[in-house]
Amino acid sequence: MSNGIAYAKALLDISKENNIDINQIVLDLQHVNNYFDDEFISFLKNPKVSKTNKKEVFEKAFSNIDKNVFATLMILIDNNKIVIICFIFLNINGNTAHS
């Protein structure tokens, strides 16, 4: 699975297992996705910016989102895949629209 499908599936599975409102996950991902303009993406892709610094930015900006969404963001940063968040959002949003 690629382009965020595996991460989207994992978030959906976790939310179902823990009776978390899928709509809240979608709203949180949409909130995060709204930050992703060209400047922010350049910051995230910059190899001179440490993962620690990237995580600090996310902690300040997204401290109020669901803990599972936040944990997924941290994993994406660790795996240098944070820029696929838009694909995760699209996959989850598409899955919830058909539910």
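Reading the values: rules and limits
- Residues numbered from 1 in each chain as written.
- Predicted model: local features only at pLDDT ≥ 70, side-chain atom pairs only at ≥ 80, totals over all residues.
- Heavy atoms only, no water.
- Phe/Tyr/Trp six-rings, centres within 6.5 Å; stacked < 30°, edge-to-face > 60°.
- Helix = DSSP H or I, 4+ residues; strand = E, 2+ residues; numbered from the N terminus.
- Buried < 20%, exposed > 50% of the residue type's maximum accessible area, 1.4 Å probe, protein only.

## Focus: the packing of aromatic side chains
Step number 1: Tallied over the full model, the rule gives 6 aromatic pairs.
Step number 2: Ring geometry for Phe40 versus Phe58: centroids 5.7 Å apart, planes at 35°, classification tilted. Here Phe58 lies in helix 4 (residues 51–61) and Phe40 lies in helix 3 (residues 38–45), a separation of 18 residues in the sequence.
Step number 3: For Phe58, a relative accessible area of 0% gives the class buried.
Step number 4: The rings of Tyr35, Phe36, Phe40, Phe43, Phe58 and Phe62 are connected pair by pair, giving a single aromatic cluster.

## With respect to the environment of Asn91
Step number 1: Within the secondary structure, Asn91 is located in helix 6 (residues 85–97).
Step number 2: Separated by 83 residues in the primary sequence, Asn91 and Ala8 place their C-alpha atoms 6.1 Å from one another.

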